[in-house]
Every structure is written in C-alpha cells, then in structure tokens.
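# Fold and geometry: a report
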Amino acid sequence: MTDRSFPTSESPVTDLGHNIRAARQAQDLSLRELARRVGISASALSQIETGKTRASAKTAYEIAQQLGVTLAELSTDPSKSHHGTGPSSAVPNHQGPEPDGLAVHLRHAVEFIPHSAQRTVTLNGGESFRVLSGPSLPGANCLLLTYEPGASSPPNDEFVRHAGHEFNYLVSGRLVIEVGSERHELSPGDTLTFPAATPHRLTNPWHEKAELVSLFLQTPPHDRS
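Conventions used here
- Residues numbered from 1 in each chain as written.
- Predicted model: local features only at pLDDT ≥ 70, side-chain atom pairs only at ≥ 80, totals over all residues.
- Heavy atoms only, no water.
- Salt bridge = Lys/Arg side-chain N within 4 Å of Asp/Glu carboxyl O.
- Helix = DSSP H or I, 4+ residues; strand = E, 2+ residues; numbered from the N terminus.
- Buried < 20%, exposed > 50% of the residue type's maximum accessible area, 1.4 Å probe, protein only.
- 1 Å grid on protein atoms, 1.4 Å probe; cavity = no way out; pocket = protein on both sides within 12 Å on 5 of 7 lines; lining within 4 Å.
- Points joined across faces, edges and corners; volume = space filled by probe spheres on them.
- Core = buried A, V, L, I, M, F, W, Y, C linked by side-chain atoms within 4.5 Å.
- Contact = heavy atoms within 4.5 Å.
- Phe/Tyr/Trp six-rings, centres within 6.5 Å; stacked < 30°, edge-to-face > 60°.
- Lys NZ or Arg CZ within 6 Å of the ring centre and 35° of its normal.
- Pairing = 2+ DSSP bridges.
- Axes fitted to C-alpha atoms, helices over the stretch in contact; angles between N-to-C directions.
- Polar contact = N/O pair within 3.5 Å; in protein donor to acceptor, adjacent residues only side chain to side chain.

## Some remarks on the pattern of salt bridges
As enumerated under the stated definition, the model contains 7 salt bridges in all. Taking the shortest distance from any N to any O, the salt bridge between Arg 36 and Glu 33 comes out at 2.7 Å. Taken together, the residues Arg 36 and Glu 33, both in helix H2 (residues 31-38) and 3 residues apart, mark about one turn of the helix. Exposure remark for Arg 36: the relative accessible area of 57% places this residue in the exposed category. You can call Glu 33 partly exposed: its relative accessible area is 23%.

Shown next, in the form of structure tokens:
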C-alpha cells in the first residue's frame, strides 16, 4: 500500500513562544495587556513565551488574532526576509515598476519553499502544523496539520472560531470535524469547507495518526459583518 503521508522529517521546528514575544514587543504590548485580550493569565502567557508550556490551538489562534497576524505568519522565522534571502525565495514574474513596494511584489511573486524550510509548530493536545505557504499567497495560509491518536483541537470539549473560511483535505488517517451541530467523519481524500466563524473542533479518536491540509482564507472586506 502506498504511503500517502507527507514527509515530516528535517523540517525546522519553530519556537512559537519566542515569536509571540517578539511580535508582542514589536507592537509595544505588555505581557499583561496581551494576556488580558486573549483571556488567559499573564503567568500562562509568560510560560508560553518562554517555552515552559505549549499553547493549545484555541489559545494560539486567539493570540495570533489579537496580534493581527495569522498562525502561519506567527510561525515564520522573524530573522528571514521575504526578498529571496531566506529559505523561501519570492521572485516577481513580471517586469516594471512596483509603486506599492512589498505588497505589489508579493502579489506578483513566484515563491518556492523547499520542504527543508517549511516551519513546524507543535501545539498542546497532540496537534502540530507545518506551514506550506508563504507571504506571496494573497489572503490565504496553507498548513499541514498532524493529529496524533487521541488528539483533540481544542482540548477539553471546547470549540474554536475565527475569521474567514477553511478548506480541509484529509491526506491520511481519519478525523472527526465538528462544525456547529454537524459532525463529519473524514477519510483520506475527503474535503470539508466551512465558515471559520462557526464554532468547530477537530478530534482523532482512532489509533493512527491523521494528516490534514488546511487552507485558511481571509473573508473579503465586503463579506464581513
């Protein structure tokens, strides 16, 4: 039987806590203020930033939202630039002036991200994700999420919600995705799309690892309430 799983070795591991602290400090936000906005204690946020504990998916989503970034952006190595000097290279595919600078450059970029440069982030509850897309994919972020046997995101029967839409494609294993009152059991090859503002959670109650490609699409401004 062909192994349909994605390779997971040799991917660099992101220090999510370090990136959270760097993003917070760049916005001149105090630890207590960000913790208040996220709805957790300052002590809990401090432990996440120092790597003493891992954030749950729900907390990571909320931290990213309060910082005004996506999880993919939050997991990017801040020391790498987006001008082709880091592991991913964005090269414009057209000629001519770019009056809007970086924004225009990224809209007209061809970006190659080798597997060895795709960042991996481990969260609490048996969930991890690898960033498959870069900044040149306008309005979207693509992640490969891995759910170990028994994993639940978020844990403790909670649900998560955030802006935009999700497109999910199950690569391997089996996975339960609950969206509102609906329960969907996904097998390899199944897809599920839904508005991410609807409360949802993902669980793997089986004894095999599940891998899910998720595309997070930002909601166009005219569609936002």
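## Examining empty space enclosed by the protein
Under the definition given, this model contains 1 cavity of 30 Å³ or more. Of the voids in this model, the largest cavity is the one considered here, and its volume is about 30 Å³. What lines the largest cavity is Tyr 61, Leu 145, Tyr 147, Glu 166, Asn 168, Leu 202, Ser 214 and Phe 216.

## Here we look at the nonpolar core
The biggest cluster of nonpolar side chains holds 40 residues, and the ones touching the most others in it are Ile 20, Leu 74, Phe 129, Tyr 147, Leu 175, Ile 177 and Leu 212. Examining the composition of this core, we find that 6 residues originate from one element, helix H4 (residues 57-67), more than from any other. Residues in contact with Phe 129, not counting those within four places in the same chain, are Leu 71, Ser 75, Arg 119, Thr 120, Val 121, Leu 123, Leu 143, Leu 144 and Leu 145.

## What about the packing of aromatic side chains?
Following the criterion strictly, the structure yields 0 aromatic pairs and no others. The cationic tip of Arg 201 hangs over the ring face of Phe 159; the distance from NZ or CZ to the ring centre is 5.9 Å.

## Regarding the sheet that holds strand E12 (residues 210-217)
With respect to topology, 6 strands assemble into an open sheet ordered E3-E4-E5-E12-E7-E10, the strand pairing being antiparallel. The open sheet terminates on both sides in strands that have one partner only, identified here as strand E3 (120-122) and strand E10 (191-195). Direction aside, the axes of adjacent strands within the sheet are offset by 25° on average. The sheet contact formed by strand E5 (residues 140-147) and E12 spans 8 bridges and is antiparallel. When the sheet's bridge partners are listed, Leu 145 is paired in E12 with Leu 212.

## What about the sheet that holds strand E9 (residues 182-186)?
Strands sit in the order E6-E11-E8-E9 across an open sheet of 4 strands; the sheet is antiparallel. Of all strands in the sheet, those with a lone pairing partner are strand E6 (152-153) and E9, marking the two edges. Pairing analysis gives 5 bridges linking strand E8 (residues 175-179) to E9, with the strands arranged antiparallel. When the sheet's bridge partners are listed, Val 179 is paired in E9 with Glu 182.

## Thoughts on the side chain of Ser 133
Structurally, the position occupied by Ser 133 is in the loop between strand E4 (127-131) and E5. Given a relative accessible area of 12%, Ser 133 falls into the buried group. For Ser 133, the side chain forms a polar contact with the main-chain nitrogen of Cys 142, separated by 2.8 Å. Residues in contact with Ser 133, not counting those within four places in the same chain, are Ile 113, Ala 140, Asn 141 and Cys 142.

## Let's talk about the environment of Ala 57
For Ala 57, the position within the fold is in helix H4. Using a relative accessible area of 2% as the deciding quantity, one classes Ala 57 as buried. Beyond its immediate chain neighbours, meaning those up to four positions away, Ala 57 contacts Leu 123, Glu 127 and Ser 153.

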